[in-house]
Protein chains: 2
Amino acid sequence: MAHRQGITVGFVPARTNRYLDAAAGLPLHPVAVQAWLAAGDDGWADPSKLTGPGRRSAVLLDAARQSMAESLGVRADEVSFMPSGTHALQAGVLGVLAGRRRTGRELVHSSVEHSAVFKAADWHVAAGGTVRVVDVDRHGQVDQEQFLAAALATGVGAAVLQAANHEVGTRQPVEPVASLLAEAGVPLVVDASHAVLYGELPENLPVFSLDARLWGGPAGIGVLVIRRGVRWAPPFPVDDTEDRHSSGGVSVPDAVAAAASLRAFIADRSGQAERLGRLVDQVRTAIPRLISDAQVLGHPTDRLAHLVTFSCLYADGESLLSEFDRRGFVVSSGSSCTSDTLTPSHVLVAMGALTSGNVRVSLHPGVTESDVAEFLAAVPSVVAQVRAELPSMPESTASPPAGPDPAVIDSRGRRCPLPILDLARAMPGVAVGAVVTVLADDPAAASDIAAWCRMQGQEMLEATELDGGGTAYRVRRASPA
Amino acid sequence: MAHRQGITVGFVPARTNRYLDAAAGLPLHPVAVQAWLAAGDDGWADPSKLTGPGRRSAVLLDAARQSMAESLGVRADEVSFMPSGTHALQAGVLGVLAGRRRTGRELVHSSVEHSAVFKAADWHVAAGGTVRVVDVDRHGQVDQEQFLAAALATGVGAAVLQAANHEVGTRQPVEPVASLLAEAGVPLVVDASHAVLYGELPENLPVFSLDARLWGGPAGIGVLVIRRGVRWAPPFPVDDTEDRHSSGGVSVPDAVAAAASLRAFIADRSGQAERLGRLVDQVRTAIPRLISDAQVLGHPTDRLAHLVTFSCLYADGESLLSEFDRRGFVVSSGSSCTSDTLTPSHVLVAMGALTSGNVRVSLHPGVTESDVAEFLAAVPSVVAQVRAELPSMPESTASPPAGPDPAVIDSRGRRCPLPILDLARAMPGVAVGAVVTVLADDPAAASDIAAWCRMQGQEMLEATELDGGGTAYRVRRASPA
């Protein structure tokens, strides 16, 4: 291909799978491409330079900041462009901590924040700060009073709460929390990346971050909004050519493309929240009917309109994802950011939800009713196939790895979902009221065995750490089911 | 314009000035635009995702890293993409310090490094580290033995030395310094942004950073090379989706465009170093003939081929830059990164060079012989005009601000270059062998008065800080000139 000259790339065939993974980012919006090309002509120079090209870049950057501010209902001088959504969020969190260093060094955040917040928290602790994590309920929502109690304690430098969760869609009470914290002078830092898309953002957020990939902007740009009056200091070294509005370096064409594509996205989204909400409702209603032992996650009503997540027993997310891909659908699984690691999704663990067999479906304006209908039509056979391919299915003839005591199942060394498969297979041999013990060392087992018990009406009694690694989970057969 | 829909930008007329400011960045290379568009189609997704689009992005990112590595003569796993050249340099410096925290917390760097290094050093000090700055000679070059002595002292975590200076072009002895430090186990971190362009980079640099803007790549991308065996740890929080190869977030289209445009730049550069070197030599020879009281800066021979800087007395750089712009030439002035502040260029101050009236001319493959000839033709009248517009010229009739004692000139409150103008004007009334005192509070005066004395054959005796601010400079009239 002529337009690839100058770089050797492997030939990657274009795929036309239905893309149901909007929460991982959208392809470049055509307006983003047009704006990037136009800004590349006049905005290639460093906008901090006093030369002609520098001044022309600065004019474009100012226009992009103004356009972004109008889209968000804030002032232009409250908008900063950052090199990514992650950078924007971390700069928001750590910059408020830096600005309020004398007030307090404690960072308060919920247990279901984006992994970028946890990484920023680790960094804050390494620098001598402290962190308090506020738990969520089984829908993934913080209790407003509990969050406020933590955030209003003495010595709190910053409180962080996402507007809505990126994995399960549950909204957090950011509007009342921001107001009550503002009265006490504590600025709430909000990851607003997903909630901003369909206009669900309250107006009173003092600090919030966005990721341009989610509306079809370039990958290399995020937005940090710091409202007037908030104390904020750059948490990372900046160069002389940078200010708080372009911390970490900013590409003017990327900023122009991000602003232009957000404006275009907003112009196109009329009615989309309702339409995508109806499609999501169809998925939420259909999943429990289409597959056994499945759990739709997240708050039933207080949630993002365009995103739904479910988990199913006896299947692993990565296999589901691959099989959906093979059948023509792109979805996400597990923690969308940690699916390439062995750690279970911290969001699902924090909710006490089943972590294995997790599938996130997130919609965008290009998704049609028939796309969703065809996805739902594929669900039963995809799940059945993945379940059938797992070793040691409950209905298979393979022997479970039983220890010398039949009431003890040794699943150590077996990765999830195998420990719950082993438990499910052993259950018919356990008398109602009797106790069975599962030994497991996969970190996801704690969450998954508890979730399995709830789903199956069995009783999780206790979990005891074993000498030499792993955990013993004691489960009473409460239900004959 | 149709391709600007979605964003309101002020109308900025395209200018066709001759661009002689390559060291501030080049317009996007056509190959960069083509590669960005192609990679936008297949590389828009987060390359850490396990979905189809994510895997296609990862393939493109790997290909870009491989291409970049081939261009630089290193291994692909030694190449990291960063969101800017500044970020790459700071991550190189602070990452080596982080990786060698137990070995030592002292950072050694030259006094003429890019401002990004000084900012990183401030940050390191705020975190409890120490910094030792190694002086340069009047050409802006460190003494190899002196630098080694500092860098080989006990407790040094990192040593930083630019391959060549971004303001005056002087090369540093990075090849021998890197080798000798390597024997002692101290990794040298090198800002190689400018030296890489025409293949002047030695092969033994353990850590070096690049800025894609300098070869026509996108603004939002820098490159950090960390050779195998160097201990390096991420100095900033990273997200789970990032590794050391994409720290701070990376845009795959930007990475692909950076790699493709560097390859194209290298393919086109044959013979350019010699050609641009001849043009630069013409400028170096012509300037002292064309204008009085001018100084060509930087090492006479051990320097970048494509860049030349000169300073002239009784003129200020910003006015020169504006007047050149009006006459159709884009050049830079002062510290290229601090020209929008009142601080004099730290590079010129460190060299003891004249900071005012500074002009940097930096060439690129698109510059023709006639461009340079026309620039040189414009120099005399541009300088004469700027000098004529300054208040209180030596040959003007305005009264100098003399104190009660005629041997004391009170230039406090007057910005450079006015203090040296006042001194020059007073000199004819000072007897040869007598002493005149200049009181000044502009921070550039220290460097400028010393430089003026050298240029005029006068003798700078001493500088004494005054109670209440400012400095008294005592100058003996050694020469009747």
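Cut-offs applied
- Residues numbered from 1 in each chain as written.
- Chains lettered and ligands numbered in written order.
- Predicted model: local features only at pLDDT ≥ 70, side-chain atom pairs only at ≥ 80, totals over all residues.
- Pairing = 2+ DSSP bridges.
- Helix = DSSP H or I, 4+ residues; strand = E, 2+ residues; numbered from the N terminus.
- Axes fitted to C-alpha atoms, helices over the stretch in contact; angles between N-to-C directions.
- Contact = placed C-beta atoms within 7 Å.
- Parallel < 35°, antiparallel > 145°, perpendicular 65-115°, else oblique.
- Left-handed = near helix turned anticlockwise from the far one by under 90°.
- Nonpolar A, V, L, I, M, F, W, Y, C, P; charged D, E, K, R; others polar.
- Core = buried A, V, L, I, M, F, W, Y, C linked by C-beta atoms within 7 Å.
- Buried ≥ 20, exposed ≤ 12 C-beta atoms within 10 Å, placed from the backbone.
- Domains from an automatic or database assignment.

Undergrad: Would you mind going over the sheet that holds strand β4 (residues 130–134) of chain B with me for this structure?
TA: The strands that make up a sheet pair up through hydrogen bonds in the backbone, lying either parallel or antiparallel. Residue and element names in this part refer to chain B. In space, the seven strands of this open sheet follow the order β2-β8-β7-β6-β5-β3-β4, with mixed pairing throughout. Of all strands in the sheet, those bounded by a partner on one side alone are β2 (79–82) and β4. For this sheet, the mean inter-axis angle between neighbouring strands, taken without regard to orientation, is 20°. Relative to strand β8 (residues 222–226), β2 is paired through four bridges, and the arrangement is antiparallel. Bridge assignment links Val 79 to a residue of β8, and that residue is Val 225. Packed onto the sheet, helix α6 (residues 174–183) meets β5 (156–160) and β6 (188–191) and runs at close to 160° relative to β6.

Undergrad: Honestly, the pairing of strand β4 (residues 130–134) of chain A in this entry has me stumped. Any pointers?
TA: A regular strand places its side chains on the two faces of the sheet in alternate fashion. Looking at chain direction, strand β3 (residues 106–110) of chain A and β4(A) are connected through five bridges and run parallel. Residue A:Glu106 lies in a different strand from β4(A), and its bridge partner there is A:Thr130.

Undergrad: Before we go on, may I ask you to explain the packing of helix α2 (residues 52–72) of chain B against helix α7 (residues 252–268) of chain B in this structure?
TA: Packed helices, taken two at a time, are described by the angle between their axes plus the distance between the axes. Residue and element names in this part refer to chain B. Remark: α2 packs on α7, axes separated minimally by 9 Å, with the N-to-C direction vectors making an angle of 30°. With respect to α7, the element α2 is oriented roughly parallel. At the point where α2 passes α7, the crossing takes the left-handed sense. Here Ser 57, Leu 60, Leu 61, Ala 64, Ser 67, Met 68 and Ser 71 of α2 lie close against α7, whose contacting residues are Val 252, Ala 255, Val 256, Ala 259, Ala 260, Leu 262, Arg 263 and Ile 266. Residue composition of the contact of α2 with α7, by class: 11 nonpolar, three polar and one charged.

Undergrad: Teacher, can you tell me more about the nonpolar core here?
TA: Generally speaking, nonpolar side chains in soluble globular proteins are found buried as a group. In terms of nonpolar packing, the biggest core is built from 306 residues, with A:Ala159, A:Val223, A:Val256, B:Ala159, B:Val223 and B:Val256 touching the most fellow members. In this structure B:Ala159 touches B:Val108, B:Ala151, B:Leu181, B:Val186, B:Leu188 and B:Val189, once residues within four positions along its chain are discounted.

Undergrad: Would you explain the domain arrangement of chain A in this entry?
TA: For chain A, the domain assignment lists domain 1 (30–267), domain 2 (273–389) and domain 3 (408–476). Its C-alpha centre places domain 1 of chain A at a distance of 41 Å from the equivalent point of domain 3 of chain A.

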